[in-house]
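So you can see what is in the structure, the chains are spelled out below.
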Amino acid sequence: MLNYLWGGMILIAVVYGTITGNVKEVGNAAIDSSKEAVELCITMFGVMALWTGVMQIAEAGGLTKKFIRLMRPVLRFLFPEVPDDSKANDYIASNMLANLLGLGWAATPFGLKAMEELQRLNLAQGGKKEVASRSMCTFLIINISSLQLIPVNIIAYRSQYGAVNPAEIVGPAILATLVSTLAAVIFIKLTEKRTK
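Below: a short report on this structure. Keep in mind that this is a model prediction, so the values were computed, not measured.

This part takes up the packing of helix H2 (residues 23-60) against helix H7 (residues 152-160). Interaxial distance between H2 and H7 falls to 10 Å at its minimum, and their mutual angle equals 140°. Regarding the angle of H2 to H7, the classification is oblique. Judged by the sense of rotation from one axis to the other, the crossing of H2 with H7 is right-handed. Mapping the contact onto sequence places Glu39, Leu40, Thr43, Met44, Val47 and Trp51 in H2 and Val152, Asn153, Ala156, Tyr157 and Gln160 in H7. Across the contact of H2 with H7, the residue classes break down as seven nonpolar, three polar and one charged.

Within the structure shown, the criterion is met by seven salt bridges. A salt bridge links Glu81 to Arg134; its shortest N-O distance comes to 3.0 Å. You can see Glu81 sitting in the loop between helix H3 (63-78) and helix H4 (87-100) and its partner Arg134 sitting in helix H6 (residues 134-145), a full 53 residues away along the chain. For Arg134, a relative accessible area of 32% gives the class partly exposed. Two residues, Glu117 and Arg120, come together in a salt bridge whose shortest N-O distance is 2.5 Å.

Considering the arrangement of structural elements, one finds Glu168 in the loop between H7 and helix H8 (170-195). Judged by relative accessible area, Glu168 falls into the exposed class, the value being 52%. Separated by 13 residues in the primary sequence, Glu168 and Ile155 place their C-alpha atoms 8.4 Å from one another.

Rules and cut-offs
Throughout, residues of each chain are indexed from 1 in the direction in which the sequence is written. Under the rules for a predicted model, residues below a pLDDT of 70 receive no local features and side-chain atom pairs below 80 are neither given nor counted, while totals for whole chains, interfaces and linings still include all residues. Where side-chain values are given, they derive from all heavy atoms of the structure, hydrogens and water being excluded. The angle between two axes is taken between their N-to-C directions and runs from 0 to 180 degrees, where each axis is a line fitted to C-alpha atoms and a helix contributes only its stretch in contact. Counting from the N terminus, the helices are the DSSP runs of H or I reaching at least four residues and the strands are the DSSP runs of E reaching at least two. We call two directions roughly parallel when the angle between them is under 35 degrees, roughly antiparallel when it is over 145, roughly perpendicular when it lies between 65 and 115, and oblique otherwise. Handedness of each helix crossing follows the sense of rotation of the near helix against the far helix: counterclockwise by less than a right angle gives left-handed, clockwise gives right-handed. The contact rule is simple, with two residues in contact once any of their heavy atoms fall within 4.5 Å. Lys, Arg, Asp and Glu make up the charged group, whereas Ala, Val, Leu, Ile, Met, Phe, Trp, Tyr, Cys and Pro make up the nonpolar group; the residues left over, Gly among them, are polar. Salt bridge, as used here: a side-chain nitrogen of Lys or Arg that lies within 4 Å of a carboxyl oxygen of Asp or Glu. Buried means the residue's accessible area, taken with a 1.4 Å probe over protein chains only, is under 20% of the maximum for its type, while exposed means over 50%, and partly exposed covers the values in between.

Rendered as structure tokens:
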């Protein structure tokens, strides 16, 4: 679907540029944007490599396991249907840790694994394959709200585009994601009471 959207936007730009006599500007903008996209990818690759390395060091040092243990009460509160010994808890906690550090690309594989485990639990508890369980919906909502302590992507974008202080976004980002996560938890608990 997005391919059609982007393709349509490009086609509209070329047609509009041709009609208004600005084809040269459209071509120059496409070339400049391509160059900028490559530079941004290189910057993001460096940032991604740094934080993925930090995650690997934390994992090797046992910090992620400690974080998972610290997360148990939160996980029990958010996912009461998930047994404590389920592998889903580890994947959910790892996903949350990666999101806290602003590592969306590192959070995705953990999120997919968590959903697989939650689906397995759903089927084991008599749920239907095509109907998401409460735990699956909860995980999706929490994941979308995405509480972040370090918005790595935004800092990298601001750095790439010459911001004087790229990290000044940290405070407002923490506040915004804290509010969105709090709203998500309230929504989850209200709907949980309604469905009971």
